Amino acid sequence: MHTLHKYSVLLSFPARKLAALGILLLASSICGASSNFFVTPAGTGDCTQTSPCELQTALNLATDHDKVLLAQGTYTNTGEVVVAVTHSISLLGGWDNTNSNPVARDPGTYVSILDGENQRRVLTIAANTSPTIDGLTITRGNATGLGGGFSSSDAGGGIYSVDATPVITHNILTDNVASTQKDARGMGGAVYLQSASGSATVGHNRFLNNTAGIAIHLGDGGGLFLSSPGVIHDNEFRNNKGCRSCTGQGGAINVGWTEARPLITRNLIRDNQAQKGAGIDLFWSAAQVIGNDFVNNDAVSGSGIYAHYDKGSTISNNTLLANLNSTLWINITFPDQEKTIVSNNVIADSSTGIFAYSDWHIAAIDLIHNTLVNNTEGIYIGKNMTATLTNNLIADHDKGVILSTAEGAAIISDNTLFWQNTDDGFRGNNPVDGDPTFLDAANDDYHIGSGSAAIDAGIDSTTTTDLDGTPRPNGMAPDIGAYEYAATPFSCSGDNVIVNYDFGQIKPVVCTATGSITTQNKVNILPGADVSFHAGSGITLLNGFAVKHHAVFHASIIP
């Protein structure tokens, strides 16, 4: 069982609809001054709610801000594309094909499928437009021979967008491919986004079983290729491949040739494959990869994330669990521009947790407040790479921190906590030895518990919150690793009250009893806490009760 971030990839997934890959949207009103055009696969009417038309008729009539609503069914076409969006319209799936007012949509029940039939792109978006694509199943797109990508590559089997700013939400993108042409290059099996005029949005979608190429020269981005400003959030990427029977980079996502720092956040990235970067491949780019879950991805290099010629990415607050081979691979950075930062990540159950080197020039990376557990190797620093390690937690490895003997390899390390490694390796300055007391390591919960050697054992750094967003420090000094210790929030009232919790930096906490208050289990009032006990008959402090430095404790008898 994996403990993952608490967020919803989609609005709702009733079990009866998962098999059909459906998305449930609550019935919603379609209102405003824009026009609505209603569509069915065999429509012959005037595009009104009572007389729907075919899809192409509605597309010909719709202009900016209009809505095209698709009823249940499969929509196909001839030529190079199923749907060409040429205006800033909303293309909305899941219309219930009734005369209800307000208009109702439920894409999980009324599945609207755009099918490329493995012969054409599914959807193209014209330059200088800002359409919304919502609630559709986009499948079997194929951009072979259509070009349109970097290096004359075939691009965007499912959705192709250049110089536009689309909003792509609540869709299922499945079984799309960018190219099957021998010796070609394919980019963005499901979605290709390049040079958005603003910030493109890709959110709450499911990317399933897409690939950038099949038996071609090179594939980039099985699910998504991004070279643009944008926010990629709350999506599920599963079973995508950078390339099948060929070299692939970015099984789920490839970010290439952009310093726009797109934000990739709160995504579930699971069971994807590529040669490099099965989860995410970053190439000549600067991106923000924050708060994602990477699980069971498989690559030769960088099963979770592969960053090559990185231009100053921020990789933080991610959970990377059971990814095969090396989890996070950094090759060549440009510290004279902006340093690559890796902070507040949990990396567990892999071969190498973090591998960083440069085969070109002197490079540097900052590793701050990461928790690495049960990898074969924790951190490996290789040729021409200077790594600054601050407040990292290294537990249960064959070898904790490895400094290569290759030219230019260097580590500056402060306050690393080591626990149960066969060989700690490079220990650095002020190493800490002791049990981190993980709350439930067997189920991948690497929060630290009461009595952890990590508590208050770090030094100040540029990382001011932990993986959960808790401010650092939460006591006298920062805790080592991805999490600050947070004592269980506690308030109490009653007749005779038993207190058996520690109190952390939660202000104020008041415990009131009409009778007595009694402590048990070595209750601690930790640094930063402000706690008051008010009892009617008495207060008994037992079993090692302690008030730590810089904590406040009040006790009073109020008959």
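Just so it is clear, the structure is predicted and the values come from calculations on it, not from any experiment. (Residues numbered from 1 in each chain as written. Predicted model: local features only at pLDDT ≥ 70, side-chain atom pairs only at ≥ 80, totals over all residues. Heavy atoms only, no water.)

The next point concerns the overall build of the protein chain. For the protein chain, the count of helices and strands is two helices and 58 strands. In terms of C-alpha radius of gyration, the protein chain reaches 27 Å, essentially the compact-globule figure of 24 Å for 559 residues. C-alpha atoms of the protein chain, sized along the principal axes, occupy 80 × 70 × 35 Å. Looking at the protein chain as a whole, 58% of its 559 residues are labelled buried. The contacts in the protein chain between residues at least 6 apart in sequence include a share of 65% that link residues at least 24 apart. With the model as given, the accessible surface of the protein chain reaches about 20,500 Å², and the carbon-plus-sulfur share is 49%. (Helix = DSSP H or I, 4+ residues; strand = E, 2+ residues; numbered from the N terminus. Rg over C-alpha atoms; globule rule 2.2 N^0.38 Å. Buried < 20%, exposed > 50% of the residue type's maximum accessible area, 1.4 Å probe, protein only. Contact = heavy atoms within 4.5 Å. Areas by Shrake-Rupley, 256 points an atom, 1.4 Å probe, with all protein chains shown as cover.)

What follows is about the packing of aromatic side chains. A complete count under the given rule lists 22 aromatic pairs for this structure. When the ring of Phe150 is compared with that of Trp257, the centres are 5.0 Å apart and the planes differ by 45°; the resulting orientation is tilted. Residue Phe150 is found in the loop between strand S9 (137-139) and strand S10 (154-155), and its partner Trp257 is found in the loop between strand S25 (253-256) and strand S26 (263-265); the two are separated by 107 residues along the sequence. When its relative accessible area of 34% is taken as the criterion, Trp257 is described as partly exposed. Ring-pair connections join several aromatic residues into one group, and the members of that group are Phe150, Tyr160, Tyr192, Phe225, Trp257, Phe283, Trp284, Tyr309, Phe334 and Trp360. (Phe/Tyr/Trp six-rings, centres within 6.5 Å; stacked < 30°, edge-to-face > 60°.)

Let us look at the sheet that holds strand S56 (residues 538-540). Across a sheet, paired strands are connected by hydrogen bonds in the backbone, their directions being either parallel or antiparallel. The sheet built from three strands is open, its strands ordered S51-S53-S56 with parallel pairing. The sheet terminates laterally at strand S51 (497-499) and S56, the two strands that pair on one side only. Within this sheet the neighbouring strands show an average axis-to-axis angle of 15°, counted without direction. Across three bridges, the pairing between strand S53 (residues 516-519) and S56 is parallel. Bridge pairing links Ile517 to Ile539 in S56. (Pairing = 2+ DSSP bridges. Axes fitted to C-alpha atoms, helices over the stretch in contact; angles between N-to-C directions.)

Turning next to the environment of Gly213. Along the chain, the position of Gly213 falls in strand S19 (residues 211-213). For Gly213, the contacting residues outside a window of four places in its chain are Val177, Ser179, Gly242, Cys243, Arg244 and Cys246.

Our focus in this paragraph is the sheet that holds strand S24 (residues 247-249). Taken in spatial order, the four strands make up an open sheet running S10-S15-S20-S24, and their pairing is parallel. The outermost strands of the open sheet, each flanked by one partner alone, are S10 and S24. As judged from the three bridges shared by strand S20 (residues 218-220) and S24, these two strands associate in the parallel manner. Within the sheet, the bridge partner assigned to Gly219 lies in S24 and is Gly248.

Here the focus is the state of the cysteines. For the structure shown, the criterion picks out two disulfides. Here Cys47 pairs with Cys53 through a disulfide, and the sulfurs are 1.9 Å apart. Because the torsion about its S-S bond is 105°, the bridge between Cys47 and Cys53 counts as right-handed. Across this residue pair, the class does not change: Cys47 and Cys53 are buried. (Disulfide = S-S within 2.5 Å.)

Further remarks concern the UniProt feature "domain: Right handed beta helix" (unreviewed entry) in the protein chain. Per the UniProt record, the feature "domain: Right handed beta helix" (unreviewed entry) sits at residues 264-394. Between the end C-alpha atoms of residues 264-394 there is a gap of 26 Å, over a span that is 0% helix and 52% strand. (UniProt positions renumbered as here; feature names shortened; annotations may be inferred.)

Take the environment of Ser326 next. Inspection of the secondary structure assignment puts Ser326 in the loop between strand S33 (319-321) and strand S34 (328-333). Along the primary structure Ser326 and Gly378 are separated by 52 residues, whereas in three dimensions their C-alpha atoms are 9.8 Å apart. If we ignore the near neighbours within four places in the chain, the residues touching Ser326 are Val300, Ser301, Gly302, Ser303, Gly304, Ser350, Ser351 and Thr352. Here the side chain of Ser326 touches Gly302 through a polar contact of 3.0 Å, landing on its backbone nitrogen. (Polar contact = N/O pair within 3.5 Å; in protein donor to acceptor, adjacent residues only side chain to side chain.)

Split into domains, the protein chain comes out as domain 1 (35-87), domain 2 (127-331) and domain 3 (491-558). Inter-centroid distance (C-alpha atoms) of domain 1 to domain 3 is 66 Å. (Domains from an automatic or database assignment.)

This paragraph deals with the nonpolar core. Leu55, Val68, Leu91, Leu114 and Leu123 are the most contacted members of the largest nonpolar core, which has 77 residues in total. A total of four residues in this core trace back to one element, the largest contributor, which is strand S2 (residues 67-71). Looking at which domains feed residues into this core, each of domain 1 (35-87) and domain 2 (127-331) gives three or more. With near-sequence residues (within four places) excluded, Val68 lies in contact with Phe37, Val39, Leu55, Ala58, Ala62, Ile89, Ser90, Leu91 and Leu92. Judged by nonpolar contacts, the second largest core, of 19 residues, contains Ala457, Ile480, Tyr483 and Tyr485. (Core = buried A, V, L, I, M, F, W, Y, C linked by side-chain atoms within 4.5 Å.)

Residues Val191 and Leu193 line one face of strand S16 (residues 191-194) and the alternating positions Tyr192 and Gln194 line the opposite face, and both faces are buried. As judged from the four bridges shared by strand S11 (residues 159-162) and S16, these two strands associate in the parallel manner. Looking at S16, one finds that Tyr160 is bridged to Tyr192. Alignment of S16 against strand S21 (residues 224-227), held across four bridges, turns out to be parallel. Directly across from Leu193, in S21, lies its bridge partner Leu226.

Of the two faces of S25, the one holding Ile253 and Val255 and the one holding Asn254 and Gly256 are both buried throughout. Relative to S25, S21 runs parallel, the two being bridged by three bridges. Counted as the bridge partner of Leu224 is Ile253 from S25. Of the pairings in the sheet, the one linking S25 to strand S28 (residues 280-283) comprises four bridges and is parallel in character. Counterpart to Val255 in the pairing with S28 is Leu282.

What follows concerns the pattern of salt bridges. By the definition in use, this model includes 15 salt bridges. Ionic pairing is found between Arg270 and Asp271, a salt bridge with its closest N-O pair at 3.7 Å. By relative accessible area, Arg270 is classed as partly exposed at 23%. Among the ionic contacts, a cluster of salt bridges with common partners joins Arg206, Glu236, Arg238, Arg270 and Asp271. (Salt bridge = Lys/Arg side-chain N within 4 Å of Asp/Glu carboxyl O.)

Our next topic: the side chain of Glu236. Mapped onto the elements of the fold, Glu236 is located in strand S23 (residues 236-238). A relative accessible area of 8% places Glu236 in the buried class. A distance of 2.8 Å separates a polar atom in the side chain of Glu236 from a polar atom in the side chain of Arg206. A polar side-chain atom of Glu236 sits 2.7 Å from a polar atom in the side chain of Arg238.

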